[in-house]
Amino acid sequence: FEDARRYYKRAKKGYEEQLGPDSKKTLEVTLSLIMVTCSSNGEIIEKLRPLLQRMVGALGEENVVTLDTLNNLGAGLQENGELEEARKVYESCLAGREK
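Computed from a predicted model, the values in this text were never measured in an experiment.

**Q** Sorry if this is basic, but what is going on with the overall build of the protein chain here?
**A** Along the protein chain, the regular secondary structure elements total five helices and zero strands. In the protein chain, the order of α-helices and β-strands from amino to carboxyl end is α-α-α-α-α. Its C-alpha atoms give the protein chain a radius of gyration of 14 Å, within 12% of the compact-globule value 13 Å for 99 residues. Principal axes of the C-alpha set define a box for the protein chain whose edges measure 40 × 30 × 15 Å. Counting all 99 residues of the protein chain, 30% fall into the buried class. For the protein chain, the exposed area adds up to about 6100 Å²; of that, 48% sits on carbon and sulfur atoms. A gap of 5 Å separates the mean positions of the 15 positive and 17 negative side-chain charges of the protein chain.

Shown next as structure tokens:
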């Protein structure tokens, strides 16, 4: 995982410099970095929530990258035993994909 972490960090830095912090590419690689580097569901949830807000603002609620992040948040919540919140997140994700 150390190689992946290093490559994602390098890509994130490059995308931020060239495209800005809220570009689709930057946000995608940020998601990948979170998923590779976080060691617990709690940490994943903590980092995905603000990322999701950035994505909604920059890409919109129905963007596939935003919806993938929403799905990952739901999975983290489910694994963390937060089933009611996970259900709501999954339903939001499904509604966005059906549009």
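**Q** For this particular structure, what's the right way to read helix 5 (residues 83–98)?
**A** One turn of an α-helix holds 3.6 residues; hence residues three or four places apart share an orientation. Taking 1.5 Å as the rise per residue, helix 5 with 16 residues should run 22 Å; its terminal C-alpha atoms sit 22 Å apart, in good agreement. Every buried residue of helix 5 is accounted for by Ala86, Val89, Cys93 and Gly96. Seen from one end, helix 5 has its buried residues packed into an arc of 90°, which puts them on one side. For helix 5, the exposed residues set more than 90 degrees away from the buried face come down to Leu83 and Glu98. Of the surrounding secondary structure, the elements contacted by the buried residues of helix 5 are helix 4 (64–79).

**Q** How do you make sense of the packing of aromatic side chains when you look at a structure like this?
**A** Given two aromatic rings, one states the distance between the centres and the angle between the planes to describe the pair. Within this structure, the stated rule accounts for zero aromatic pairs. Sitting above the plane of the tyrosine 7 ring, arginine 6 keeps its charged end 5.6 Å from the centroid.

**Q** Can you walk me through the environment of leucine 59 in this structure?
**A** Among the structural elements, leucine 59 can be located in helix 3 (residues 41–59). On the basis of relative accessible area, leucine 59 is assigned to the partly exposed category, the value being 22%. Spatially, the C-alpha atoms of leucine 59 and glutamate 91 are 19 Å apart, while their sequence positions differ by 32 residues.

**Q** What exactly am I supposed to notice about the pattern of salt bridges here?
**A** Opposite charge on two side chains allows them to pair when their charged atoms are near. Considering all chains together, one arrives at nine salt bridges under this definition. A salt bridge links arginine 54 to aspartate 22, with the shortest nitrogen-to-oxygen separation between them at 3.1 Å. Taken as a pair, arginine 54 in helix 3 and aspartate 22 in the loop between helix 1 (2–19) and helix 2 (24–37) lie far apart in primary sequence, 32 residues in all. Among the residues examined, aspartate 22 registers a relative accessible area of 40% and is labelled partly exposed.

Calculation rules
- Residues numbered from 1 in each chain as written.
- Predicted model: local features only at pLDDT ≥ 70, side-chain atom pairs only at ≥ 80, totals over all residues.
- Heavy atoms only, no water.
- Helix = DSSP H or I, 4+ residues; strand = E, 2+ residues; numbered from the N terminus.
- Rg over C-alpha atoms; globule rule 2.2 N^0.38 Å.
- Buried < 20%, exposed > 50% of the residue type's maximum accessible area, 1.4 Å probe, protein only.
- Areas by Shrake-Rupley, 256 points an atom, 1.4 Å probe, with all protein chains shown as cover.
- Lys, Arg positive; Asp, Glu negative; His and termini not counted.
- Charge placed at Lys NZ, Arg CZ, Asp CG, Glu CD.
- Expected span 1.5 Å × (residues − 1).
- Arc of directions from axis to C-beta.
- Contact = heavy atoms within 4.5 Å.
- Phe/Tyr/Trp six-rings, centres within 6.5 Å; stacked < 30°, edge-to-face > 60°.
- Lys NZ or Arg CZ within 6 Å of the ring centre and 35° of its normal.
- Salt bridge = Lys/Arg side-chain N within 4 Å of Asp/Glu carboxyl O.

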